[in-house]
Amino acid sequence: MSEMRILTVQQPWAWAIIHGGKDVENRVRNIAGDYRGPVAIHAGLAFDRAGLNDRTLHAKWEEFGGPHAPGNWSDRGAIIGVVDLTDVHAVANAHFHPVCHDHRAPNGLATAAAAGTGACSAWTMPGAQWHLVLTNPRPLAMPIPYKGALGLRRLDKATIDTITAALVAETGEDQ
């Protein structure tokens, strides 16, 4: 891979992205801009205790084996996997009945509201004004220690090579 970004996410949400089927990352602004492509998921040092009360998260955790689920919520300060960022879209009425829409399309909000599509994912959180749509999660067998930071950042070539080698070693396929 020639280019990859990295996103720091608090646990248990980082686990949910890589192992639990969390297909959107909720943000108050579009941190991705026009970038689409691979994103390393970095489990930050902080733990979001509010996540412990999230019904969707607990349902997925139980579905994947509860205490025997893959991955570990205690993995922190490390890259735990890679996803593909395939889309970014706006969310209207974020606190009540969210409506996801293409902000680039003329009348995108009106079209989405008329279609009655609402939120694009069960992982929609109150207050999110933007969704980063994440697909194709690929966990790493061993987390790679890394220092986190805010935003969607560029990764250096050495770290990209380390992640790519770990993914190839696990799958036997070039990513």
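Everything here concerns the structure above.
In this numbering scheme, every chain counts its residues from 1 along its sequence in written order. Local features in this predicted model are restricted to residues of pLDDT 70 or higher, and side-chain atom pairs are both shown and tallied only at a pLDDT of 80 or more, whereas totals for entire chains, interfaces and linings draw on every residue. Hydrogens are left out, water is left out, and the side-chain values use all remaining heavy atoms of the structure.

### Here we look at the overall build of the protein
Helix and strand definitions here come from DSSP, where helices need a minimum of 4 consecutive H or I residues and strands a minimum of 2 consecutive E residues; each element is numbered from the N-terminal end. Along the protein, the regular secondary structure elements total four helices and seven strands. For the protein, the succession of helices and strands along the chain, N to C, is β-α-β-β-α-β-β-α-β-β-α. Using a 1.4 Å probe on the protein chains alone, a residue whose accessible area is under 20% of its type maximum counts as buried, one over 50% counts as exposed, and one in between counts as partly exposed. Residue burial in the protein is summarised as follows: out of 175 residues, 46% are buried. Here the contacts in the protein between residues at least 6 apart in sequence split such that 80% fall between residues at least 24 apart. Computed with a 1.4 Å probe, the accessible areas rest on the Shrake-Rupley method; for each residue, only the protein chains presented here act as cover. In the form shown here, the protein has an accessible surface area of approximately 9000 Å², with 55% of it arising from carbon and sulfur atoms. In this analysis, two residues are considered to be in contact whenever any of their non-hydrogen atoms come within 4.5 Å of each other.

### Looking at the side chain of arginine 5
As for its placement among the helices and strands, arginine 5 is situated in strand β1 (residues 5-11). As used in this structure description, the phrase polar contact means that two N or O atoms lie within 3.5 Å; if the pair is within protein, one of them must be able to donate a hydrogen and the other to accept it, and residues adjacent in sequence are counted only when both atoms belong to side chains. At 3.2 Å, the side chain of arginine 5 and the side chain of glutamate 3 are in polar contact. Ignoring anything within four residues of it in the chain, the contact list for arginine 5 reads Tyr35, Pro38, Val39, Ala40, Leu152, Arg153, Arg154 and Leu155.

### Brief notes about the pattern of salt bridges
A side-chain nitrogen of Lys or Arg and a carboxyl oxygen of Asp or Glu constitute a salt bridge if their distance falls within 4 Å. The full count for this structure, using the stated rule, is seven salt bridges. Across the pair glutamate 25 and arginine 27 runs a salt bridge, and its minimum N-O distance is 3.0 Å. Salt-bridge contacts for lysine 157 lead to aspartate 161; the nearest nitrogen and oxygen are separated by 2.9 Å. Residue lysine 157 and its partner aspartate 161 are located together in helix α4 (residues 157-171), separated by four residues, close to a single helical turn. Aspartate 161 gets classed as partly exposed once you look at its relative accessible area, which sits at 39%. Salt bridges sharing partners connect three or more residues here, namely Glu3, Arg5 and Arg154.

### Looking at the nonpolar core
Throughout this description, the term nonpolar core refers to a set of buried Ala, Val, Leu, Ile, Met, Phe, Trp, Tyr and Cys residues connected via side-chain atoms within 4.5 Å. Core analysis: the largest hydrophobic core is formed by 28 residues, its most contacted members being Val39, Ile41, Leu85 and Leu152. Counting residues in each nonpolar core, the second largest holds twelve residues, with Val82, Leu140, Ile144 and Leu167 among its members.

### Focus: the side chain of glutamine 11
Positionally, glutamine 11 belongs in strand β1. A distance of 2.8 Å separates a polar atom in the side chain of glutamine 11 from the backbone oxygen of aspartate 75. What glutamine 11 contacts, discounting residues up to four positions off in sequence, is Ala43, Ala46, Phe47, Asp48, Asn72, Trp73, Asp75, Arg76 and Ile80.

### Considerations on the pairing of strand β4 (residues 78-92)
Summarising burial for β4: 13 of the 15 residues are buried, a large majority. Note: strand β3 (residues 37-47) against β4, seven bridges, orientation antiparallel. Across the sheet, residue histidine 42 finds its bridge partner in β4, namely isoleucine 79. Two strands pair if DSSP finds at least two bridges between them. The pairing of β4 with strand β6 (residues 130-145) spans ten bridges and is antiparallel. Note on β6: the bridge partner recorded for aspartate 87 is valine 133.

### Topic: helix α2 (residues 55-63)
The N-capping residue of α2, defined by a side-chain oxygen 3.2 Å from the backbone nitrogen of threonine 56, is aspartate 54. Two residues or fewer after α2 comes glycine 65, characterised by a positive phi angle close to 115 degrees.

### Notes on the packing of aromatic side chains
We call Phe, Tyr and Trp rings a pair once their centres come within 6.5 Å, taking the six-membered ring for Trp, and we label the pair stacked below 30 degrees between planes, edge-to-face above 60, and tilted otherwise. For the structure on display, the rule yields three aromatic pairs. Ring centres 6.1 Å apart and planes at 65 degrees place the aromatic pair tryptophan 15 and tryptophan 73 in the edge-to-face group. In this pair, tryptophan 15 is assigned in helix α1 (residues 13-18) and tryptophan 73 in the loop between α2 and β4, connecting sequence segments 58 residues apart. Taken individually, tryptophan 15 and tryptophan 73 each receive the classification buried, so the pair is uniform in this respect. An angle of 45 degrees between the planes, with centres 6.4 Å apart, marks the rings of phenylalanine 47 and tryptophan 73 as tilted. Of the two residues, phenylalanine 47 sits in strand β3 while tryptophan 73 sits in the loop between α2 and β4, which places them 26 residues apart along the sequence. Taken together, Trp15, Phe47, Trp61 and Trp73 form an aromatic cluster joined through their ring pairs. Over the ring of tyrosine 35 we find arginine 5; its NZ or CZ atom is 4.2 Å from the centre of that ring. Comment: the charge-over-ring label is applied if NZ (Lys) or CZ (Arg) is within 6 Å of the ring centre and within 35 degrees of the ring normal.

Remember, this is a structural readout, not a statement about activity or role.
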